Amino acid sequence: MSMPAAAFWDRMGRPVQLGEYRPEERGLLVAMYRAFDPDQRAQGIPPLHPLRLAEWVEVLTEGVNVVARCEGRVVGHAALVPDRAGSHELAIFVHQDYQGAGIGSRLLQALLELGRARGVRHVWLTVEPWNARAQALYRRVGFQRSAADPWEEVWELELGELPVTGPPGGTPDSGASPERSPGGW
Amino acid sequence: MWLDNSPWSWEALGYALQLARARRVGLVAVCDPGLSPQDRDRAVAEGAAWNVDVEVRVPPPGSRTEWEVWRAGGEEGAEVVVAPRRTATRKVVFGAGLVWLLTNAPGPVVVYRSPKEP
């Protein structure tokens, strides 16, 4: 089953389309990460070295993947990567030029809905304790913090509990994406 | 070094063995309780392949691996080798035990980062 593409205007008035990642978009996806602000890397990803970046994209795209496209570019990417325990780990990044425009919230919602359609049930992620904006996003879509230490927190979500319709936070572009956020969503 | 059952930890063991051989010293491998006897034997065997004596230590009941690593580092006056975990998305995760060890280290700590990992 493929995911129907969803189109919307972001807060800056740019046309954005959300859709399932296609292998032919690999070059665009790698290009987004190569242009990604290194200051926004979190917990070691995305890798800086081009070779390792390419390998890492391979790892992520083995899972469930949704991208945000705008004017011929990939500007956002979210993935659910299977782990060895039968769960899926979430990663989400939005290019710095497209943050704060409501893309991250919709990208995340689209990913979780596609994941649920694909049979994903349990999703988790790690986030740095000081990344309050990312945590606010995760909380809005239903994640709950399950563990914490001084350097990282674990958040979890059972997809069966996910609200079915609409982006988080009300109107389509009112999801509180950050102006700038470590972790890069 | 702190040895757990992750691929990164086993790779770090290889690095620690190279260091030990170059310095003509032995290696203390403090094993997570979850490491099987076979894996402990494997650590010793890998040491033998590098001509390095490996002493395996297992935390006693009620203790924690990071405490034993800390103790071993202090007793031996040696640097400690650790490997952070990688998640499915390849995030680097330290965990509370490793953070405790880093902040209370008795001496130098080598945080091994695999050159094979993204």
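Residues numbered from 1 in each chain as written. Chains lettered and ligands numbered in written order. Predicted model: local features only at pLDDT ≥ 70, side-chain atom pairs only at ≥ 80, totals over all residues. Heavy atoms only, no water.

> What am I meant to see in the overall build of chain B here?
For chain B, the helix and strand inventory stands at 4 helices and 7 strands. Radius of gyration (C-alpha) of chain B: 13 Å, near the 13 Å computed for a compact globule of 118 residues. The principal-axis extent of the C-alpha atoms belonging to chain B is close to 35 × 30 × 30 Å. Looking at the 118 residues of chain B, the share that counts as buried comes to 47%. In chain B, once contacts between residues fewer than 6 apart in sequence are set aside, the share between residues at least 24 apart is 72%. Summed over its atoms, the accessible surface of chain B is roughly 5800 Å², and 51% of this surface lies on carbon and sulfur atoms. (Helix = DSSP H or I, 4+ residues; strand = E, 2+ residues; numbered from the N terminus. Rg over C-alpha atoms; globule rule 2.2 N^0.38 Å. Buried < 20%, exposed > 50% of the residue type's maximum accessible area, 1.4 Å probe, protein only. Contact = heavy atoms within 4.5 Å. Areas by Shrake-Rupley, 256 points an atom, 1.4 Å probe, with all protein chains shown as cover.)

> Just checking my understanding: could you explain the nonpolar core for this structure?
Inside soluble globular proteins, nonpolar side chains tend to come together where they are buried. Formed by 35 residues in total, the largest nonpolar core has its most connected members in Leu 90, Ile 103, Tyr 138 and Phe 143 of chain A. Elements represented by at least two residues in this core include exactly strand E2 (15–20), strand E3 (64–70), strand E4 (73–82), strand E5 (88–94), helix H3 (103–117), strand E6 (122–127), helix H4 (132–140) and strand E8 (153–158) of chain A. Among the elements that take part in this core, H3 of chain A stands out by supplying 7 residues, more than any other. Grouped together as the second largest cluster of nonpolar side chains are 20 residues, Leu 35, Val 52, Val 54 and Val 110 of chain B included. (Core = buried A, V, L, I, M, F, W, Y, C linked by side-chain atoms within 4.5 Å.)

> Explain the interface of chain A and chain B here, please?
Many authors give the size of an interface as the accessible area that is lost as the parts come together. Listed by partner, the interface residues are 22 residues for chain A and 19 residues for chain B. Roughly 1600 Å² is buried in total at the junction of chain A and chain B, and carbon and sulfur atoms are behind 62% of that figure. Three residues, Arg 52, Glu 89 and Trp 151 of chain A, lead the burial of chain A against chain B; their summed loss comes to 30% of the area buried on that side. Our count for the contact surface shared by chain A and chain B stands at 0 salt bridges. Along the contact surface separating chain A from chain B lie 10 residue pairs in polar contact (both at pLDDT 80 or more). Among the elements of the structure, helix H2 (50–60), E4, E5 and E6 of chain A are those that each provide at least two residues to the side of chain A that touches chain B. A total of 5 residues in the side of chain A that touches chain B trace back to one element, the largest contributor, which is H2 of chain A. Classifying every residue of the side of chain A that touches chain B by side-chain character gives 12 nonpolar, 3 polar and 7 charged. (Buried area = accessible area lost by both parts, 1.4 Å probe. Salt bridge = Lys/Arg side-chain N within 4 Å of Asp/Glu carboxyl O. Polar contact = N/O pair within 3.5 Å; in protein donor to acceptor, adjacent residues only side chain to side chain. Nonpolar A, V, L, I, M, F, W, Y, C, P; charged D, E, K, R; others polar.)

> How should I be thinking about the environment of Gly 119 of chain A in this particular structure?
On the secondary structure map, Gly 119 of chain A appears in the loop between H3 and E6. A C-alpha to C-alpha distance of 9.9 Å links Gly 119 of chain A and Gly 160 of chain A, two positions 41 residues apart in sequence.

> Help me out: how do you make sense of the side chain of Ser 87 of chain A in this one?
All names here are of chain A. Position of Ser 87 among the secondary structure elements: in the loop between E4 and E5. The buried category is assigned to Ser 87, whose relative accessible area is 12%. Of note is the side chain of Ser 87, whose polar atom sits 2.8 Å from the side chain of His 122.

> Got a minute to help me understand the pattern of salt bridges in this structure?
Pairing between side chains of opposite charge can happen when the charged atoms of each approach one another. Residue and element names in this part refer to chain A. Enumeration over the complete set of coordinates arrives at 14 salt bridges over all chains. Of the charged contacts, one joins Glu 20 and Arg 118 as a salt bridge, the two residues approaching to 2.9 Å between their closest N and O atoms. In this pair, Glu 20 is assigned in strand E2 and Arg 118 in the loop between H3 and E6, connecting sequence segments 98 residues apart. Between Arg 26 and Glu 58 there is a salt bridge whose closest N-O contact spans 2.5 Å. You can see Arg 26 sitting in helix H1 (residues 26–34) and its partner Glu 58 sitting in helix H2, a full 32 residues away along the chain. Each member of the salt-bridge network shares a partner with another, and the members are Arg 22, Glu 24, Glu 25 and Arg 69.

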